[in-house]
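# Topology and contacts: notes
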Amino acid sequence: MSQISKSAVRVDVRNIGGIDEASVTLPDGVSILTGRNATNRTSFLQALMAGLGSRQSSLKGDAEEGEVTLELGDETYTRTLQRRGDSIAFGGDPYLDDPELADLFAFLLENNEARRAVARGDDLREIIMRPIDTDAIDAEIRECKRERDDLVSEIETLDSLERDLPDLEADRREKVEELEAARAELESVREELDDLDAGVEESRTRKEEMEEAFQRVRDARSALDDLEFDLETERSTLTELQSERETLQETVEEADAPEENPDRLAGRIDELRRRKRSLDDDINELGSVIGFNEDMVDGSGIDIDDGTPGDDPTDALTAGDQTVCWTCGSEVETDQIEATLDRLRELRSDKLDERNEIRAEIQELTDKQSSIREAQREIERAEERLDTVETEIESTESRIEELEAQIESKQAEIEELEAAAESIDVDGYDEALELHREANGIELRIERLEDEIEEIDDEIDEREAAIERREELKAEREALADRLTELRTRVDRIEENAVEEFNEHMATVLDILEYENLDRIWIERRETEVREGRRKVTRTRFDLHIVRSSPDGTAYEDTVDHLSESEREVTGLVFALAGYLVHDVHETVPFVLLDSLEAIDSDRIARVVDYFRTHADYLLAALLPEDAAALSEEYTYVESID
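I will try to describe carefully the structure that is included in this document. (Residues numbered from 1 in each chain as written. Predicted model: local features only at pLDDT ≥ 70, side-chain atom pairs only at ≥ 80, totals over all residues. Heavy atoms only, no water.)

### Quick word on the sheet that holds strand 15 (residues 636-638)
Spatially, the 5 strands line up as an open sheet ordered 7-13-14-3-15, and their pairing is parallel. Looking at strand neighbours, the two that pair on one side only are strand 7 (107-108) and strand 15, the edges of this open sheet. Relative to strand 14 (residues 618-623), strand 3 (residues 29-34) runs parallel, the two sharing 6 bridges. Looking at the pairing, L33 lines up with A622 of strand 14. Against the sheet, helix 13 (residues 602-612) engages strand 3, strand 7, strand 13 (591-594) and strand 14, with an angle of about 165° to strand 14. (Pairing = 2+ DSSP bridges. Helix = DSSP H or I, 4+ residues; strand = E, 2+ residues; numbered from the N terminus. Contact = heavy atoms within 4.5 Å. Axes fitted to C-alpha atoms, helices over the stretch in contact; angles between N-to-C directions.)

Below, the structure is given as structure tokens:
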């Protein structure tokens, strides 16, 4: 979903709320929906919310299905609603795939949870942090730590390779010196052979026969030397494999069986998550019910026709010790309604506590499940490697037996070849034979030295090439370290930014609205120790502070309960604005919707709208005509929804 350009928005509505059919075109900027109660202003806002992706809207009472179509720029978005028994099924292709951010911080209707959180005394920190997927952050932290540890290990290996380079180069110099000495020694022996051959009178055929016999001996000794080298290598490999087998066997034998089955834990986690989702729904529903009834008790709720023409419904609901119940129509004691509200508040508080406990238990079980599965994977990897090592040991032992047999055969072959060479009768043979044997040994030594020097050169080249990657690996390690820091501090930064945004905007709004003797409203972010499940953990709290001044100028701290209704509404709106800004909601949805501002006087409503308009491309406010009259004439006014 890409951000739209600033252009007119066409909204077509059918069978939503109290609307039969309506089409409204909204330009960018501020649009004021003005009219008396029951003129479908709130229904239109809810229809717009539905088109944008929210599920907080309803069908017209006598309709089985409804629809909203939004035309934004070159894109068209649709949302359908169908009645399914006691519930509504939502379909279509709305603007937002996930409306959570918008529902919390952009769609600021009467029962908006962020807006009502201040008045209800809700956990402000929980509201701000709800859109943050802390489980995903924890998973990414674990993955980054694993990658970082791998890089650290690889860099340490490269450091050791670099430390070994001087020894390798020194070893190479020694081998080169040995090679030069061996070549000089071989040259001297060959000169002696040439001098000996010059003094020995023999037939060419006899000499060639002797040379061929010596060559066969040299070839056989060279092959024997290769076999002995291979045997030494295989024996070294066998020792390493046997040592690894012992380590793996200890790992498998010492591994403790897990206390619990991770699959059973997964079932418990799913059950807890379902319970948490159910609690979320209950808490939201209770919040809406409590907020609605609080407004009705305060006399600021919707108008209800009690069947007495000319009577003021609000007066009828709130006058005297009795009132007409707006749910059943019977007369009840006002104290009974207050008592019921207290029980509902207590029930919601209990459910909030239960949700926190469940959240802690989910985290504890998830960590335990991950630990068990990781331990199981370690054992499985050790068992798989143990099987592989056993197979490799068998193969290596078999190759050692074959090499030992080949060496024994080659030694017997050499004895036969030497005996055959010794049987050739040539003058000066004994001396020539000894020189040839010496030359043969030197040639083998030269070949071995050349091979060793080549191996050292290859190893040096490989190490130097690997060391060149070290700086790249260090850069990756630093990037991962920065990422880990960013992940670990993301939650802290969001909390800090939310508090900073609220305090800054609250101070500005209070200055603009000029409330008498209300000096400051601010949030303090502090750490507190709480019990979650069976353990104590440190959690962050957002404490709301209110500072007033007495007539003599003395400052004192007040409570939320003593805020006027207007002050509470403004504080809730600013808290929602802080969430809107800290989560960059404008990048997700370019709308801010305002409704039910009647508790604020007209002049202050105008100032609030002026302040909010700078933060959204499209600001819609539903106002009574007398409140709308105080706003700027440059705004767009929608006086009828049709």
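Now, onward.
### Remarks on the sheet that holds strand 4 (residues 65-72)
The 5 strands are arranged 2-1-4-5-6 in an open sheet whose pairing can be described as antiparallel. Edge strands, defined here as strands with exactly one partner in the open sheet, are strand 2 (19-26) and strand 6 (87-93). Ignoring which end each strand starts from, the neighbouring axes of this sheet average 10° apart. The sheet contact formed by strand 1 (residues 9-16) and strand 4 spans 6 bridges and is antiparallel. Its bridge partner lying in strand 4, V11 is registered against L70.

### Here we look at the nonpolar core
The biggest cluster of nonpolar side chains holds 107 residues, and the ones touching the most others in it are F44, F575 and F591. Among the elements that line this core, the one with the most residues is helix 11 (residues 470-513), at 13 residues. With sequence-adjacent residues up to four places away left out, F44 is seen in contact with V11, V13, I19, V24, L26, L33, L620 and I641. (Core = buried A, V, L, I, M, F, W, Y, C linked by side-chain atoms within 4.5 Å. Buried < 20%, exposed > 50% of the residue type's maximum accessible area, 1.4 Å probe, protein only.)

### Some remarks on a negative patch on the surface
On the surface, E169, D226, D230, E447, D451, E454, E455, D458, D461, E462, E464 and E468 cluster together into a negatively charged patch. Elements with a contribution of two residues or more to the negative patch: helix 6 (204-254) and helix 10 (429-468). Sorting elements by how many residues they give to the negative patch places helix 10 first, with 9 residues. Secondary-structure assignment places E462 in helix 10. When its relative accessible area of 57% is taken as the criterion, E462 is described as exposed. (Patch = residues over 30% accessible without salt bridge, like charges linked within 9 Å, V, L, I, M, F, W, Y side chains within 5 Å. Areas by Shrake-Rupley, 256 points an atom, 1.4 Å probe, with all protein chains shown as cover. Salt bridge = Lys/Arg side-chain N within 4 Å of Asp/Glu carboxyl O. Lys, Arg positive; Asp, Glu negative; His and termini not counted. Charge placed at Lys NZ, Arg CZ, Asp CG, Glu CD.)

### Overview of the pairing of strand 3
For strand 3, the buried fraction is high: 5 of the 6 residues fall into the buried class. Sheet analysis places strand 3 next to strand 15, joined by 3 bridges and oriented parallel. When the bridges of strand 15 are listed, I32 appears paired with Y637.

### Some words on the packing of aromatic side chains
Summed over the entire model, instances satisfying the criterion amount to 3 aromatic pairs. Ring plane angle 85° and centroid distance 5.1 Å describe the contact between Y77 and Y95, whose orientation is recorded as edge-to-face. In this pair, Y77 is assigned in strand 5 (residues 75-84) and Y95 in the loop between strand 6 and helix 2 (100-105), connecting sequence segments 18 residues apart. For Y95, a relative accessible area of 1% corresponds to the buried category. (Phe/Tyr/Trp six-rings, centres within 6.5 Å; stacked < 30°, edge-to-face > 60°.)

### Brief notes about unusual backbone geometry
Phi is positive for E514, close to 55°, though the residue is something other than glycine. With respect to the secondary-structure elements, E514 resides in the loop between helix 11 and strand 10 (518-532). Although it is not a glycine, N517 adopts a positive phi angle of roughly 55°. Counting through the fold element by element, N517 comes out in the loop between helix 11 and strand 10. Relative accessible area serves as the criterion here: at 33%, N517 is assigned to the partly exposed category.

### Concerning the pairing of strand 6
In terms of strand pairing, strand 5 meets strand 6 through 7 bridges, oriented antiparallel. When the bridges of strand 6 are listed, R79 appears paired with G92. Taken together, strand 5 and the strand that follows it, strand 6, pair antiparallel across an intervening segment of 2 residues, in which G85 is found at a positive phi of about 65°.

### Topic: the environment of L241
Within the secondary structure, L241 sits in helix 6. Separated by 151 residues in sequence, L241 and E392 have C-alpha atoms that sit 7.7 Å apart. Discounting residues that sit within four places of it in the chain, L241 has contacts with V389, E392, I393 and T396.

These figures capture arrangement, not role.
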